[in-house]
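# Notes for the structure review
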Amino acid sequence: MKNISTNNQTAKQSKQQGGFLQIIVAIIIALVILNVLGVDLREVLAKPWVREFGAYIVSLMRIVWQDILLIIAFFKDLAA
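To keep things clear, this report deals only with the structure shown in the data block. Values in this document were obtained by computation on a predicted structure and should not be read as measured data.

Scanning the protein from terminus to terminus reveals 3 helices and 0 strands. Starting at the N terminus, the α and β elements of the protein follow one another as α-α-α. Put simply, the protein has 80 residues, and 1% of those count as buried. Carbon and sulfur atoms provide 69% of the accessible area of the protein, an area that totals close to 7,700 Å².

Let's shift gears to a nonpolar patch on the surface. A contiguous nonpolar surface patch, about 960 Å² in accessible area, is contributed by Ile 23, Val 25, Ile 27, Ile 29, Leu 31, Ile 33, Leu 34, Leu 37, Val 39, Leu 41 and Leu 45. Considering each element in turn, the nonpolar patch owes the most residues, 7 residues, to helix H1 (residues 2-36). Relative to the helices and strands, Leu 41 resides in helix H2 (residues 41-45). Classification of Leu 41 as partly exposed rests on a relative accessible area of 34%.

Calculation rules
Residues numbered from 1 in each chain as written. Predicted model: local features only at pLDDT ≥ 70, side-chain atom pairs only at ≥ 80, totals over all residues. Heavy atoms only, no water. Helix = DSSP H or I, 4+ residues; strand = E, 2+ residues; numbered from the N terminus. Buried < 20%, exposed > 50% of the residue type's maximum accessible area, 1.4 Å probe, protein only. Areas by Shrake-Rupley, 256 points an atom, 1.4 Å probe, with all protein chains shown as cover. Patch = residues over 30% accessible without salt bridge, like charges linked within 9 Å, V, L, I, M, F, W, Y side chains within 5 Å. Salt bridge = Lys/Arg side-chain N within 4 Å of Asp/Glu carboxyl O.

Everything listed here is a matter of geometry and, on its own, says nothing about what the molecule does.
Printed below as a string of structure tokens:
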């Protein structure tokens with residue numbers, strides 16, 4: 001029985017690592033394609049609207065993270 005649970009944990013870890021590697025490979029392929037198409041990423045990222053959008057996304061992610069923490073705290077209080 002212990003072997004089965006160990007095998008399940010190993011399978012889960014390998015799936016997580018495989019997913020991470022797939023994301024890295026996809027990002028590298030996307031960067032190569034953009035380079036072949038002649039898109040200069042430094043130029044795009046230097047534009048003011050891209051920076052403003054990035055700041056907006058960061059602020060939204062902070063709000064969402066605070067909400068997640070509040071939800072977790074609420075359920076911890078219910079369980080206690």
